[in-house]
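Listed below are the residues making up each chain.
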Amino acid sequence: MYILLTRLYDEARVAARSVTVLDAAAVIVVIWALYATILAARRKFKTTSLRGPPRTNLIYGASKDLFKSSDTGSVFEQWAKEYGLVYEIPTTLGGNKIVLCDPKAIAHYYAKETWTYVLLPSSRRFMQRNFGNGILAAQGEAHKRQRKSLTPAFSHAAIRNITPIFYHSAYKAKAAWESLIDASSDDSAIIEVQNWMNHISLDSIGLAGFSHDFGSLDGKSASVTKIFDSFGSSSKRSNINADLLLLAQVFPILSYVPTSRKKLLQEMQEIMEDISNTLLERTKDEKGKGALDGKEEKSIIGVLIKANDTDSAELHLTREEVVAQMRVLLFAGYETTSISLTWALIELARNPGIQSKLREELLAFGVDPTYDQLNSTLPYLDAVVHETLRLHPPLTDFTRVAIEDDIIPLSEPVYTKSGDLVDRIAVTSGTQICIPTTCINRSTAIWGPDAKGFLPGRWLEEGAIPKSAQEVQGYRHLLTFVDGPRTCLGRGFAVVEFKAVLSVLVKYFVFEFRDGPETEVEIGRGMLPRPKVVGEDGTRIPLRVSRYDG
């Protein structure tokens with residue numbers, strides 16, 4: 001026996017010496033493929049097999065179709081009509097994901113998000129790399145702790161205190177636009193409004209969140225504005241970037257392949273981290289000298305510093321987490337609100353009757369509304385804002401992965417691939433779940449035959465919100481701010497800023513398309529999808545802006 005074992009050992013050593021790097025790589029690939037096959041087989045066996053669109057690309061499934069589409073919401077909606085409110089789509093390298101368009105299924109999903117359903121590993125790596133280990137990347141208990149620490153900064157009292165800052169930014173833009181009109185040869189000026197909305201949003205989050213004036217509305221050039229604007233300078237989607245993005249979900253190493261966009265992201269990350277550290281140190285220094293007043297203590301950065309200083313395990317944020325939250329807030333404050341404001345001006349330019357009706361309400365009210373009045377006494381402004389948020393959510397869809405088995409109930413049955421009719425579906429750990437935000441917000445099955453129209457009146461007329469839409473449990477029956485444990489913490493901040501800025505601009509100016517009412521608008525690409533006038537460079541929205549003269 002000893003001799004036999006010795007001989008086997010010697011033969012194994014000889015075999016090991018003869019193995020090349022390529023052999024080892026091949027073995028690793030085979031093991032990975034075998035492991036992936038076993039997991040896929042388990043998921044297929046335990047997960048309800050649903051109908052869905054065919055695989056149109058051998059490598060990417062239907063993912064490329066969605067990536068190339070200018071209106072993913074309509075694509076998801078068409079599939080829902082054909083295959084039912086819950087269906088399956090093929091993804092990269094033989095994968096698949098389940099799409100939920102059923103309100104009951106979505107409500108169940110949101111009740112379990114961040115515990116049963118979490119970020120894809122590729123998405124979480126992206127968040128961590130570009131925004132740090134803040135609230136966007138956190139899961140489970142870490143997310144719960146970070147959210148609890150940040151909540152005081154977004155209370156009604158906190159937003160009420162910073163509402164004047166939103167008006168301050170809006171009036172800066174008003175003064176600048178009046179100067180442009182005065183300098184023009186007629187009573188109007190062509191203004192690229194998207195860039196102005198970016199600057200309004202950035203200066204507002206700077207002052208409201210960190211007591212810092214970026215000065216972008218004053219024409220000051222700052223590194224953060226340059227890098228953010230760079231993302232919108234070219235709106236073309238690169239096929240190479242698309243391929244890498246889709247393949248990186250399966251092979252994470254591909255996310256490190258250098259591209260021009262990755263270089264911009266790296267630069268953005270470094271700039272935001274540097275700014276966040278600088279602002280944090282300045283505020284801590286001022287606090288140490290007793291130079292902060294009560295309001296600044298309750299600002300977003302004040303709340304973050306308090307969370308960093310506390311000994312409470314339930315509220316404490318590390319220095320790394322504090323800087324990460326600041327980076328997230330800078331990005332969100334710049335991107336999402338500015339996109340929504342731009343879409344509002346586009347819709348008002350398309351619909352002069354709606355624009356006039358909104359202006360009449362604002363002029364009749366007179367003075368600038370307070371925080372409480374913005375929330376309760378201007379119904380048409382509220383309707384215009386929420387109709388914009390319904391039609392144009394900044395995030396069109398998102399995907400999560402189950403980390404434990406689950407049963408998802410449905411409001412109406414769907415057919416499986418085998419032809420069975422089921423009123424619930426089984427998913428197993430590793431199953432990807434997609435929520436198509438734009439589809440749910442605009443679906444004719446949910447919002448009725450006029451779902452695609454910009455109709456603020458639907459928010460005012462008795463019974464105008466269909467029962468099917470009322471079954472969507474998100475804020476105002478929308479998924480724009482998502483729902484559940486990861487509901488957008490800055491929702492109140494964003495809506496009040498949106499209303500305050502829009503109220504000033506519409507009260508004093510009239511908006512029209514430079515090239516007439518038939519001007520076409522398409523989706524360009526900044527950090528997030530942005531509107532752009534067809535034929536314009538980058539993500540430009542040039543509108544003809546004139547003073548309202550009564």
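Residues numbered from 1 in each chain as written. Predicted model: local features only at pLDDT ≥ 70, side-chain atom pairs only at ≥ 80, totals over all residues. Heavy atoms only, no water.

A. Layout of the UniProt feature "binding site: heme" (unreviewed entry) in the protein chain. The UniProt feature table records "binding site: heme" (unreviewed entry) at C488. Positionally, C488 belongs in the loop between α21 (467–470) and α22 (491–508). Accessibility expressed as a relative area gives 34% for C488, which makes it partly exposed. Excluding residues within four positions of it along the chain, C488 makes contact with R147, F481 and V482. (UniProt positions renumbered as here; feature names shortened; annotations may be inferred. Helix = DSSP H or I, 4+ residues; strand = E, 2+ residues; numbered from the N terminus. Buried < 20%, exposed > 50% of the residue type's maximum accessible area, 1.4 Å probe, protein only. Contact = heavy atoms within 4.5 Å.)

B. How the structure looks around the environment of N57. Tracing the sequence through the fold places N57 in the loop between α2 (21–46) and α3 (63–68). On the basis of relative accessibility, which here comes to 28%, the residue N57 falls in the partly exposed class. Through-space distance from the C-alpha of N57 to that of L93 is 9.6 Å; in sequence the pair is 36 residues apart. A polar atom in the side chain of N57 sits 2.9 Å from the backbone nitrogen of I59. (Polar contact = N/O pair within 3.5 Å; in protein donor to acceptor, adjacent residues only side chain to side chain.)

C. Expanded view of the sheet that holds strand β8 (residues 432–435). One open sheet accounts for five strands, arranged β1-β2-β8-β5-β3; its pairing is mixed. Looking at the sheet topology across the chains shown, the edges are occupied by β1 (86–90) and β3 (117–119). Across the sheet, the mean angle separating the axes of adjacent strands is 40° when strand polarity is ignored. Bridge count for strand β2 (residues 96–100) against β8 is three bridges, and the pairing is parallel. Residue pairing across strands places I98 opposite I433, the latter belonging to β8. Contacting β1, β2 and β8, helix α4 (residues 72–83) crosses the sheet at an angle of about 120° to β1. (Pairing = 2+ DSSP bridges. Axes fitted to C-alpha atoms, helices over the stretch in contact; angles between N-to-C directions.)

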